[in-house]
Amino acid sequence: MTQDTVRPSAPVAPIAPAADWSLVLPLKPLALAKSRLAPYAGPHRAELALSFALDTVTAALATPGVARVLVVTRDATAGARLAALGAVVVADEPGGGLNRALAHGASAARALAPRAPLAALSADLPALRPAELARVLGAVPPDGRAFLPDSPGLGTTLLASTPGRPLSPAFGDGSRARHAAGGAFELRLADVESVRRDVDTGTDLGEAATLGLGPYTSTLFDRMSRSRAVPEPLPERS
(Lines give C-alpha, C1' and ligand atoms only; values in the text may rest on other atoms or scores of the structure.)
Protein backbone atom coordinates (compact mmCIF):
# COMPACT_ATOMS: atom_id res chain seq x y z
CA MET A 1 0.00 0.00 0.00
CA THR A 2 1.21 3.53 -0.73
CA GLN A 3 1.12 5.76 2.31
CA ASP A 4 -0.88 8.90 1.77
CA THR A 5 0.95 12.18 2.27
CA VAL A 6 -0.89 14.34 4.74
CA ARG A 7 -0.20 18.06 4.67
CA PRO A 8 -0.99 20.11 7.77
CA SER A 9 -4.25 22.03 7.83
CA ALA A 10 -5.21 24.87 10.12
CA PRO A 11 -5.55 24.75 13.02
CA VAL A 12 -2.63 22.33 13.39
CA ALA A 13 -1.65 22.70 17.04
CA PRO A 14 -4.42 23.36 19.56
CA ILE A 15 -3.84 25.56 22.58
CA ALA A 16 -4.97 22.72 24.87
CA PRO A 17 -6.83 19.42 24.49
CA ALA A 18 -10.59 19.66 24.72
CA ALA A 19 -11.83 18.12 27.95
CA ASP A 20 -14.35 15.43 28.81
CA TRP A 21 -14.23 13.43 25.56
CA SER A 22 -16.20 10.22 25.21
CA LEU A 23 -14.55 7.68 22.90
CA VAL A 24 -16.44 4.78 21.34
CA LEU A 25 -14.55 1.76 20.03
CA PRO A 26 -16.10 -1.17 18.14
CA LEU A 27 -14.81 -4.72 18.56
CA LYS A 28 -16.01 -7.78 16.68
CA PRO A 29 -16.25 -11.14 18.43
CA LEU A 30 -12.66 -12.32 18.67
CA ALA A 31 -13.38 -15.48 16.67
CA LEU A 32 -14.32 -13.27 13.70
CA ALA A 33 -11.88 -10.39 14.14
CA LYS A 34 -8.90 -9.62 11.93
CA SER A 35 -9.45 -12.36 9.37
CA ARG A 36 -6.90 -10.78 7.01
CA LEU A 37 -4.20 -11.40 9.63
CA ALA A 38 -4.74 -15.16 9.55
CA PRO A 39 -1.81 -15.86 7.15
CA TYR A 40 0.54 -14.03 9.53
CA ALA A 41 -0.89 -14.78 12.96
CA GLY A 42 -2.21 -18.30 12.47
CA PRO A 43 -3.69 -19.61 15.75
CA HIS A 44 -2.83 -16.30 17.45
CA ARG A 45 -5.23 -14.22 15.35
CA ALA A 46 -7.95 -13.81 17.99
CA GLU A 47 -5.37 -13.17 20.70
CA LEU A 48 -3.75 -10.54 18.49
CA ALA A 49 -7.09 -8.78 17.93
CA LEU A 50 -7.62 -8.65 21.69
CA SER A 51 -4.09 -7.33 22.23
CA PHE A 52 -4.74 -4.52 19.76
CA ALA A 53 -7.89 -3.54 21.63
CA LEU A 54 -6.19 -3.73 25.04
CA ASP A 55 -3.37 -1.45 23.89
CA THR A 56 -5.78 0.96 22.19
CA VAL A 57 -8.02 1.26 25.24
CA THR A 58 -5.04 1.60 27.59
CA ALA A 59 -3.65 4.50 25.56
CA ALA A 60 -7.07 6.10 25.09
CA LEU A 61 -7.76 6.07 28.84
CA ALA A 62 -4.35 7.69 29.45
CA THR A 63 -5.05 10.51 26.99
CA PRO A 64 -5.45 14.00 28.44
CA GLY A 65 -9.00 15.24 27.97
CA VAL A 66 -10.55 11.77 27.61
CA ALA A 67 -13.11 11.16 30.34
CA ARG A 68 -14.52 7.78 29.28
CA VAL A 69 -13.97 4.98 26.77
CA LEU A 70 -16.89 2.81 25.67
CA VAL A 71 -16.31 -0.47 23.83
CA VAL A 72 -19.17 -1.92 21.82
CA THR A 73 -18.75 -5.67 21.75
CA ARG A 74 -20.70 -8.86 22.35
CA ASP A 75 -17.55 -10.86 23.04
CA ALA A 76 -17.69 -11.74 26.74
CA THR A 77 -13.98 -12.51 27.05
CA ALA A 78 -12.89 -9.27 25.43
CA GLY A 79 -15.51 -7.32 27.35
CA ALA A 80 -14.27 -8.59 30.69
CA ARG A 81 -10.63 -7.79 29.89
CA LEU A 82 -11.45 -4.30 28.64
CA ALA A 83 -13.75 -3.54 31.56
CA ALA A 84 -10.90 -4.46 33.89
CA LEU A 85 -8.87 -1.67 32.28
CA GLY A 86 -11.62 0.84 33.01
CA ALA A 87 -13.62 0.82 29.78
CA VAL A 88 -17.41 0.93 29.76
CA VAL A 89 -18.55 -2.15 27.86
CA VAL A 90 -21.70 -1.77 25.76
CA ALA A 91 -22.64 -5.41 25.39
CA ASP A 92 -26.05 -5.11 23.73
CA GLU A 93 -24.64 -4.61 20.24
CA PRO A 94 -27.61 -4.36 17.85
CA GLY A 95 -26.07 -6.23 14.91
CA GLY A 96 -26.13 -4.91 11.38
CA GLY A 97 -22.47 -4.09 11.02
CA LEU A 98 -19.83 -1.66 12.16
CA ASN A 99 -21.68 1.61 11.67
CA ARG A 100 -24.79 0.46 13.49
CA ALA A 101 -22.59 -0.66 16.37
CA LEU A 102 -20.91 2.74 16.46
CA ALA A 103 -24.23 4.60 16.32
CA HIS A 104 -25.43 2.44 19.22
CA GLY A 105 -22.27 3.18 21.19
CA ALA A 106 -22.63 6.89 20.44
CA SER A 107 -26.15 6.82 21.87
CA ALA A 108 -24.85 5.13 25.02
CA ALA A 109 -22.06 7.70 25.34
CA ARG A 110 -24.46 10.60 24.93
CA ALA A 111 -26.73 9.10 27.57
CA LEU A 112 -23.79 9.02 29.98
CA ALA A 113 -22.50 12.50 29.15
CA PRO A 114 -24.89 14.52 26.94
CA ARG A 115 -22.65 17.59 26.78
CA ALA A 116 -19.37 15.82 26.09
CA PRO A 117 -17.70 15.78 22.68
CA LEU A 118 -17.71 12.34 21.13
CA ALA A 119 -15.38 10.37 18.88
CA ALA A 120 -15.43 6.93 17.30
CA LEU A 121 -11.96 5.38 17.32
CA SER A 122 -10.62 2.25 15.66
CA ALA A 123 -9.87 -0.53 18.15
CA ASP A 124 -6.83 -1.77 16.22
CA LEU A 125 -4.25 0.93 16.96
CA PRO A 126 -1.61 -1.06 18.88
CA ALA A 127 1.00 1.72 18.65
CA LEU A 128 -1.37 4.46 19.87
CA ARG A 129 0.30 7.24 21.86
CA PRO A 130 -1.80 9.35 24.26
CA ALA A 131 -0.05 12.61 23.35
CA GLU A 132 -0.80 12.12 19.66
CA LEU A 133 -4.43 11.23 20.29
CA ALA A 134 -4.78 14.32 22.52
CA ARG A 135 -3.42 16.45 19.70
CA VAL A 136 -5.94 15.02 17.24
CA LEU A 137 -8.85 15.58 19.62
CA GLY A 138 -7.66 19.08 20.37
CA ALA A 139 -7.67 19.93 16.65
CA VAL A 140 -11.36 19.07 16.21
CA PRO A 141 -13.28 22.28 15.35
CA PRO A 142 -15.51 23.49 18.19
CA ASP A 143 -18.73 23.12 16.20
CA GLY A 144 -19.19 20.24 13.80
CA ARG A 145 -17.71 16.93 12.76
CA ALA A 146 -14.14 15.98 11.87
CA PHE A 147 -12.23 12.85 10.91
CA LEU A 148 -8.68 11.57 10.66
CA PRO A 149 -7.71 9.43 7.65
CA ASP A 150 -5.80 6.20 8.13
CA SER A 151 -2.19 5.74 7.03
CA PRO A 152 -3.00 4.51 3.49
CA GLY A 153 -5.31 7.50 3.05
CA LEU A 154 -8.46 5.63 2.06
CA GLY A 155 -10.09 4.82 5.38
CA THR A 156 -10.73 6.55 8.70
CA THR A 157 -9.40 5.83 12.17
CA LEU A 158 -11.21 8.59 14.09
CA LEU A 159 -14.51 10.41 13.57
CA ALA A 160 -15.49 13.14 16.03
CA SER A 161 -18.54 15.26 16.66
CA THR A 162 -19.19 18.09 19.07
CA PRO A 163 -22.18 18.18 21.44
CA GLY A 164 -25.48 18.51 19.61
CA ARG A 165 -24.05 17.16 16.36
CA PRO A 166 -24.77 13.63 15.09
CA LEU A 167 -21.79 11.33 14.70
CA SER A 168 -23.11 9.81 11.44
CA PRO A 169 -20.42 7.11 11.06
CA ALA A 170 -19.68 5.81 7.57
CA PHE A 171 -16.73 3.52 8.26
CA GLY A 172 -15.60 0.75 5.94
CA ASP A 173 -13.65 0.65 2.68
CA GLY A 174 -13.32 4.14 1.23
CA SER A 175 -14.65 5.86 4.36
CA ARG A 176 -12.35 8.86 3.99
CA ALA A 177 -14.26 9.95 0.89
CA ARG A 178 -17.65 9.24 2.47
CA HIS A 179 -16.91 11.20 5.62
CA ALA A 180 -15.64 14.12 3.58
CA ALA A 181 -18.68 14.00 1.30
CA GLY A 182 -20.89 13.97 4.40
CA GLY A 183 -19.51 17.32 5.49
CA ALA A 184 -16.95 16.25 8.09
CA PHE A 185 -13.75 18.31 8.30
CA GLU A 186 -10.61 16.36 7.44
CA LEU A 187 -7.85 16.70 10.04
CA ARG A 188 -4.49 16.90 8.30
CA LEU A 189 -1.96 16.74 11.08
CA ALA A 190 1.71 15.84 11.00
CA ASP A 191 3.28 13.54 13.57
CA VAL A 192 0.16 11.67 14.65
CA GLU A 193 0.97 8.45 12.83
CA SER A 194 0.18 6.26 15.83
CA VAL A 195 -3.46 7.40 15.55
CA ARG A 196 -3.52 6.70 11.81
CA ARG A 197 -1.81 3.27 11.76
CA ASP A 198 -4.58 0.76 12.16
CA VAL A 199 -3.70 -2.88 11.55
CA ASP A 200 -5.44 -5.25 9.15
CA THR A 201 -2.51 -7.10 7.56
CA GLY A 202 0.95 -8.37 8.42
CA THR A 203 2.47 -5.40 6.62
CA ASP A 204 0.38 -3.05 8.75
CA LEU A 205 1.58 -4.85 11.86
CA GLY A 206 5.18 -4.40 10.77
CA GLU A 207 4.61 -0.66 10.31
CA ALA A 208 2.98 -0.41 13.73
CA ALA A 209 5.96 -2.25 15.20
CA THR A 210 8.34 0.37 13.85
CA LEU A 211 6.30 3.02 15.67
CA GLY A 212 6.49 1.05 18.92
CA LEU A 213 3.82 -1.42 19.97
CA GLY A 214 1.91 -1.20 23.22
CA PRO A 215 2.72 -3.73 25.96
CA TYR A 216 0.01 -6.29 25.18
CA THR A 217 0.74 -6.49 21.46
CA SER A 218 4.49 -6.25 22.00
CA THR A 219 4.49 -9.26 24.32
CA LEU A 220 2.46 -11.35 21.88
CA PHE A 221 4.47 -10.11 18.87
CA ASP A 222 7.70 -11.23 20.54
CA ARG A 223 6.21 -14.61 21.42
CA MET A 224 4.98 -15.11 17.85
CA SER A 225 8.39 -14.17 16.48
CA ARG A 226 10.15 -16.63 18.76
CA SER A 227 7.81 -19.43 17.75
CA ARG A 228 8.10 -18.42 14.08
CA ALA A 229 4.33 -18.00 13.88
CA VAL A 230 4.83 -15.08 11.50
CA PRO A 231 5.84 -16.47 8.06
CA GLU A 232 7.48 -13.27 6.82
CA PRO A 233 10.03 -11.11 8.69
CA LEU A 234 8.51 -7.86 9.91
CA PRO A 235 10.45 -4.62 10.57
CA GLU A 236 12.16 -4.44 13.91
CA ARG A 237 10.59 -2.26 16.59
CA SER A 238 12.32 1.01 17.28
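All values derive from a computational prediction rather than experimental measurement.

Procedures and definitions
Residues numbered from 1 in each chain as written. Predicted model: local features only at pLDDT ≥ 70, side-chain atom pairs only at ≥ 80, totals over all residues. Heavy atoms only, no water. UniProt positions renumbered as here; feature names shortened; annotations may be inferred. Helix = DSSP H or I, 4+ residues; strand = E, 2+ residues; numbered from the N terminus. Contact = heavy atoms within 4.5 Å. Salt bridge = Lys/Arg side-chain N within 4 Å of Asp/Glu carboxyl O. Buried < 20%, exposed > 50% of the residue type's maximum accessible area, 1.4 Å probe, protein only.

## What to know about the UniProt feature "binding site: phosphoenolpyruvate" (unreviewed entry) in the protein chain
When the UniProt feature table is mapped onto this chain numbering, "binding site: phosphoenolpyruvate" (unreviewed entry) sits at T156, G172 and S175. Spatially, the listed residues are clustered: although they cover 20 residues, their C-alpha atoms lie within 8.1 Å of one another. Structurally, G172 can be placed in the loop between β6 (156-161) and α6 (175-181). Ignoring sequence-local partners within four residues, the contact set of G172 consists of L98 and R178. Locating S175 in the fold gives a position in helix α6. Aside from chain neighbours lying at most four places away, what touches S175 is L154, G155, T156 and A170.

## Observations concerning the pattern of salt bridges
Inspection of the entire model under this criterion finds twelve salt bridges. In this structure, D204 and R197 form a salt bridge, with 3.2 Å as the shortest nitrogen-oxygen distance. The residues D204 and R197 share a single accessibility class, namely buried. Several salt bridges converge on common partners, so that one network encompasses R197, D198, D204 and E207.

## Things to note about unusual backbone geometry
With a phi angle near 55 degrees, K34 is a residue other than glycine that sits in the positive phi range. Assignment of secondary structure puts K34 in the loop between β1 (21-26) and α1 (38-41). Not every positive phi belongs to a glycine, and D191 is a case in point at roughly 60 degrees. If you trace the backbone, D191 turns up in the loop between β7 (185-186) and α7 (193-196).

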